[in-house]
Amino acid sequence: MRAHLARVDAVIVQAVIAGALSFSHLHDLAEAAGQGGWKAWAYPISVDLLLVAAWRRMREQQRAGHPAGGPRLWFLVALAASLGANVATAGLLDLDDVPASLRVVVAGWPAVAFFGGTLLAHTPRTPKEPTAPEPAETAPGVDEPDRDALPPPPTEPVADEPPASLGTDPPPAPAIVLPPALVDRVQALAEEHRATTGQAADPDAVRARLGLPPSMTPSVAAHL
């Protein structure tokens, strides 16, 4: 436990030292490039924030198994700005006579940092794919029942159906009973037909003259 704490403390101390030196170098370079007052202190904060944001987004993309080219690009841009300031303030650059190109780079850094930070902040995060649930394991010592050894489910008795009659015609429908007035009318038409033609009247013809449906032909024939 103590060894782990010692390693963590050493890393934290080293990070604080490196951050303080980089912060100081960026401040000195910005001030030498004409950014005085509070503006010189804002430059190292901008570089460090972009560096940390790009690192975190790059790690998230890598854990999700997706390409992290965009975050890696902005991480390298912020790292180059920090390393450039460290090297430039190491005596290789005359801070009293900064070249015009470096002044342009320092003056344009806020726009570049804002653009990179906006892309990192508004890039949609990739949702994690749901994992399929693992099959439940049987508790040790408990045997699963053999499905083949189980008795078959009970079957419900089927009611006996009457055998269908083969080759038999359905019984004829009973004749409809006609009212007395209609019976008299049928017989009158039959007598009129017999007196005119000398033949028995046809039940269909009588039924048609009375305007009855075809189903009433047997009833008409019963009274002829």
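Above this text sits the structure in question.
Because the structure is a prediction, the values reported are computed rather than measured.

Peer 1: Tell me about the pattern of salt bridges, and name the residues and values.
Peer 2: Under the definition given, this model contains two salt bridges. One salt bridge connects R57 with E60, and the closest N-O pair in it is separated by 3.4 Å. Residue R57 and its partner E60 are located together in helix α2 (residues 38-63), separated by three residues, close to a single helical turn. The exposure class assigned to R57 is buried, which follows from its relative accessible area of 7%. E60 sits in the partly exposed class, given a relative accessible area of 28%. Among the ionic pairs, E191 bridges to R194, the shortest N-O distance being 3.1 Å. Pair noted here: E191 and R194 are both in helix α5 (residues 180-197), with a separation of three residues, about one helical turn.

Peer 1: I'd like a rundown of a nonpolar patch on the surface, residues and numbers included.
Peer 2: Together, V13, I17 and L21 make up a nonpolar patch on the protein surface, roughly 270 Å² of accessible area in all. Looking at the secondary structure, you find I17 in helix α1 (residues 2-32).

Peer 1: Describe in detail the packing of aromatic side chains, supporting the description with residues and values.
Peer 2: Taken as a whole, this structure holds three aromatic pairs when the rule is applied. A centroid spacing of 5.6 Å and a plane angle of 45 degrees characterise the contact between W55 and F75, whose relative ring orientation is tilted. Here F75 lies in helix α3 (residues 69-92) and W55 lies in helix α2, a separation of 20 residues in the sequence. Its relative accessible area of 17% is what places F75 among the buried residues.

Peer 1: Which residues make up the side chain of S82, and what are the values?
Peer 2: Topologically, S82 is positioned in helix α3. Excluding anything up to four places from it in sequence, S82 contacts S22, L26 and V47.

What counts, and where the lines are drawn
Residues numbered from 1 in each chain as written. Predicted model: local features only at pLDDT ≥ 70, side-chain atom pairs only at ≥ 80, totals over all residues. Heavy atoms only, no water. Salt bridge = Lys/Arg side-chain N within 4 Å of Asp/Glu carboxyl O. Helix = DSSP H or I, 4+ residues; strand = E, 2+ residues; numbered from the N terminus. Buried < 20%, exposed > 50% of the residue type's maximum accessible area, 1.4 Å probe, protein only. Patch = residues over 30% accessible without salt bridge, like charges linked within 9 Å, V, L, I, M, F, W, Y side chains within 5 Å. Areas by Shrake-Rupley, 256 points an atom, 1.4 Å probe, with all protein chains shown as cover. Phe/Tyr/Trp six-rings, centres within 6.5 Å; stacked < 30°, edge-to-face > 60°. Contact = heavy atoms within 4.5 Å.

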